[in-house]
Amino acid sequence: MSDADLDDPDGAPTLIARYGQLLSGDHDEGERGELLLDILHDLLTGSGIQPRPAAPLVGVSPTLGLRRGDTKLLLGLVWRDSPLTAQDVAVWQQAAQRRSNVQVVLISMSGFDSRVGESVDPQSPVVVLLDRTHVEAALCGLLTIEDAMQEVGDRAIFDGTAFTSVTDLVLTARRDDPPSFVSFTRSPMPWELELAVAAGVSLQHLLSAGAGWGQITGFTVDGSRMLITTGEGVMEVDTLRGTAHWLLPLMGCSGSALASADGGILVRRGSAVVQWKDGVLTPVAGDLGDTRMLLWGPNGLAWALCGSGVELAGAKLGLVRLGGTVGDQQRYSILFDANVLSAVWLGDLRFFLGAEGHSAVVDLGRSTMVRREDWIELPSPQYLVVQGGEVIAAGSDRTGVRAFLHRVDPAARTTSLVAQMQLNMVQGLGITPQGRFLLLGDVRGNSQAPRPVIVEVSGGGPQAYTATPTSALGTPVEPEPPAASAAAGATAETVEAPSAVAAATPDPYAAVRIVAHGERKDYALDHRPLKTGGQAQVFRGTHKHTGTAVALKRLRMTGDDQRARMHREVDAAGMFGSNRHVMPVLDFSPTFEWLVMPLADRSAEDMAAVLNQDGPLRDLITAICEGLREPHQSGWIHRDLKPANILWLDGRWVIADWGLGRRPRGQTTAPGRTQVGELYGSLGYAAPELYTDAHTVGPQTDIYSIGQMVGWALLKTDPRANVPHLPPAGPWRAVVRAATHHDPRQRPATVDELLALIAAELDPPPAIPVNRGRALIEAAREGDTSAVPALFRLAADTASDYELYMEVLVGLDDIQIRQAVSADPGTACAVVQGVQELHTGGYVTLEYHDVDQLTLWLLQIARHAESIEAWDLLEDTIDSILYLDSGWDRGGVRNDIHAWLSTRSGAAAAIAAQALRAHPDSVPHFDGLALQANVDRRIRQAVSSSIRSTSS
């Protein structure tokens, strides 16, 4: 949610948001009249008029008085359950006659009877009649109230028209037809269209536009017709003949229209969205000045893509769900570091966001944040449609001479080229009922005048394209088929769509999320709250449509600060709700007066009796740390962690109530709300720095609160402000002392550092390798045949532990060594290689007797390696033996090495000879081998050549 719903994204609601809440609220006739009069007062004030409350002109109808130039006006408001009749209007005419010096304007929110115009007395003073559509059009920016009053009044006086609709006020009278298209045979392409296509794909130039075209801003394919938007309105073009006529002659239109099954269309006009159906223009939404495009979404509702992931003039990225009436709109703020150009619905609450360079799938039911690992490489996807669970993207490059069509598999995160064409630009993409793509391009060349062309792309199903994978996205989920077009006006044949985040278990609240649309009356609440806090009350409720039990949190006061805090809570839950330790938000008020979340079983405060035990307490603290990891990495700080805000939901702990949370640096919308020197957070749990400057705090602030919660759980008392709540002597005391240090820089810097500290204090120290080795030897003596191989694995996994080698391994008998070598020669290789690292382990220095023991032990391993023909092991073993000999010059064991070398033959002799060449410093110790005729020739040659090389 942001500026489509709020003037200040963290502050006061806009007039449209207030109007939406008025429509959805439970008010009597008098209350809603007064509330609407307040909105009209602010609307007029915003346009430079200074209205004032006035005495009712008729009955108790709320009334405003205002001046327009020299004219005095009284604006009366009536909001009944049925239209006003001619007799009702006559009463207002009589009242106007009594106030002949004042122009009377009557707004009937319930409209007027169709016979009002026939019964109005032309001799009576003119009463300007406006209805709900005039008010909503003014709220959306289609016209102003003062212009509506002026024009309707003029028509009543000069034309005798008692009532003029919004349609008649804003539509442009067009007598001329728009320019048409002609066959490609009459106006061929100025150059070759095709540059490259995938196997089985064909391109066909269908139509070319004639002269007289203005700038095209939107393109929609709807069955056998195309809808093309320009600044003069929306025209309908016959796909086969190219003939065109005005469908909606409305100046200021922009973007691709959405075509609905009932024959109506939705299109943007300025910051508003209007519906055109059966000759009637109806405002649908407003406050959408940063809208990039309209698209269909869940439940057959229209959505708007607004802003950008790259902040441009403050336009933050969001997807806005549009309801059927003005004010019924709900914005989901999305964090995606990209220039998002387009969007298309995939099913459920999943949308594909097309951005320059890298696109992504966002699942609003799980997280509104796009992570880097979710990116899909795709160049300039300006227009999107969906076909068979895949996304087709069209765009043009910056050179202005090439256009591309790509196919994207969101589940596999792969892209492939469908076609590359010579077009100056792409202006739209649609799909026909037959599954062929129609692309609107431009071939103006160096001319300034537009020259649109229609290109058909057909053939080459998904199997024809060779995809280049990027990285895994997740498991595809079977979606509901779209209820409406998934492309900009196109009828998409979507059957499957991927999940942006693969769910390990079904989401029990998915049904609520999908149908949620910010309507408080969708929930039945208990009369008494479950909990009442300083800012809000929490009620047990039931979602009427699905029967799901929920909790509804409602503000007790609805000032700007209170709304801002609930807005933060909604945003944090939207971004991090896929984390199983963060409480998700299922629905919320567009003005942030309430939100809906799953109904938790209890809070940590309620479970104090069991949290003084190490196991449950550690589970709680671990869950909090897991829930905070990603928010902290993203720059969010909770600032109000306490037992009451940690809830037990569906078998896990979740962090709730992010209302006091600090957004990342640069994203805080009103830093002045956090005043230096004010208490921020909850007394006793708030870190000391929250009293001095709560705006500049970091993760250590939340870590302080976690430490205080540990003390609360163990001592069963609430902590005091700025005093570490230290438990009695024990492992937790050191954790709390470190976490609650007065200086944040002296606390663990991250939740992972805190978890590591907890593990160091609470987990039993790991057994040192030598003790584990002794235990394995004892198990071997008791007949455990797996113990000695396990001992070798321990040695291989331990970084050359001196005590393990010298006190355990060298003491193995011949049978045990053979057992270990035979069980796993590869592990034995790692063990003998470790001998060469024993003297490099810091304080360790091998003594002579150590070298003697190791050498004799290695000779045993060598004999067994040779016997089982484990030649790699034999090579490593001889290498370690000669390494020890050359480094320590131990004559006591040299005879044993000499004796072993003198009796080698075959492959063993070849390996020994190679080892001697690799250790020339050791060869002189065995020079006698060169003179013994019974020694293998290769060993004698290795010794002789090494001696000659040394002598020379």
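Keep in mind the model is a prediction, meaning the values are calculated, not measured.

Draft legend 1. Structural detail: unusual backbone geometry. Positive phi is not limited to glycine here, since R413 has a value of about 60°. Relative to the helices and strands, R413 is located in the loop between β27 (403–409) and β28 (414–421). Positioned with a positive phi, E869 is a non-glycine residue whose angle comes to about 60°. E869 sits in the exposed class, given a relative accessible area of 54%.

Draft legend 2. Up close: the sheet that holds strand β15 (residues 272–277). Strand order in this open sheet of four strands is β13-β14-β15-β16, and the pairing throughout is antiparallel. Across the chains shown, the open sheet's two edge strands, defined by having one partner strand only, are β13 (253–259) and β16 (280–285). On average, each strand axis in the sheet is inclined to that of its neighbour by 30°, with strand direction left out of account. Alignment of strand β14 (residues 265–269) against β15, held across five bridges, turns out to be antiparallel. Along β15, the bridge assignment pairs R268 with V273. Sitting on the sheet, helix α5 (residues 132–140) touches β15 and β16, and the angle it makes with β16 is about 50°.

Draft legend 3. Up close: the sheet that holds strand β4 (residues 103–108). Spatially, β1-β2-β3-β4-β5 is the arrangement adopted by the five strands of the open sheet, whose pairing is mixed. Looking at strand neighbours, the two that pair on one side only are β1 (52–53) and β5 (127–131), the edges of this open sheet. Pairing analysis gives five bridges linking β4 to β5, with the strands arranged parallel. In the strand pairing of β5, S108 is matched with D131. Against the sheet, α5 engages β4 and β5, with an angle of about 70° to β5. Together, β2 (63–68), β3 (71–78), β4 and β5 form the strand contacts of helix α6 (residues 145–158), whose direction differs from that of β5 by roughly 130°.

Draft legend 4. Geometry of the pairing of strand β11 (residues 233–238). Counting buried residues along β11, five of its six residues qualify, which places the element largely inside the surrounding structure. Counted along the chain from strand β10 (residues 225–230) to the antiparallel partner β11, the turn is two residues long. Pairing of β11 with strand β12 (residues 244–248) involves four bridges; the strand directions are antiparallel. When the sheet's bridge partners are listed, V237 is paired in β12 with A244.

Draft legend 5. Spotlight on the pattern of salt bridges. As enumerated under the stated definition, the model contains 37 salt bridges in all. The partner of K277 in a salt bridge is D262, and the shortest N-O contact between them spans 3.1 Å. Pair noted here: K277 is in strand β15 and D262 is in the loop between β13 and β14, with a separation of 15 residues, a long-range link. Note on K277: relative accessible area 27%, which makes it partly exposed. D763 is paired through a salt bridge with R618; the nearest N and O atoms lie 2.5 Å apart. One end of the pair, D763, is in the loop between α13 (751–762) and α14 (769–781); the other, R618, is in helix α10 (residues 614–633), and 145 residues separate them in sequence. Each of D222, R225 and E236 takes part in one network of salt bridges that share partners.

Draft legend 6. Representation of helix α20 (residues 871–888) within the structure. Spanning 18 residues, α20 covers 26 Å between terminal C-alpha atoms, matching the ideal 26 Å at 1.5 Å per step. Within α20, the full set of buried residues consists of L873, L874, D876, T877, I878, S880, I881, L882, Y883, L884, D885 and W888. Taken together, the buried residues of α20 touch α17 (814–823), α18 (825–833), α19 (848–867), α21 (891–902) and α22 (906–918). Backbone geometry just downstream of α20 places D889 in the positive-phi region, at approximately 55°.

Reading guide: rules and limits
Residues numbered from 1 in each chain as written. Predicted model: local features only at pLDDT ≥ 70, side-chain atom pairs only at ≥ 80, totals over all residues. Heavy atoms only, no water. Helix = DSSP H or I, 4+ residues; strand = E, 2+ residues; numbered from the N terminus. Buried < 20%, exposed > 50% of the residue type's maximum accessible area, 1.4 Å probe, protein only. Pairing = 2+ DSSP bridges. Axes fitted to C-alpha atoms, helices over the stretch in contact; angles between N-to-C directions. Contact = heavy atoms within 4.5 Å. Salt bridge = Lys/Arg side-chain N within 4 Å of Asp/Glu carboxyl O. Expected span 1.5 Å × (residues − 1).

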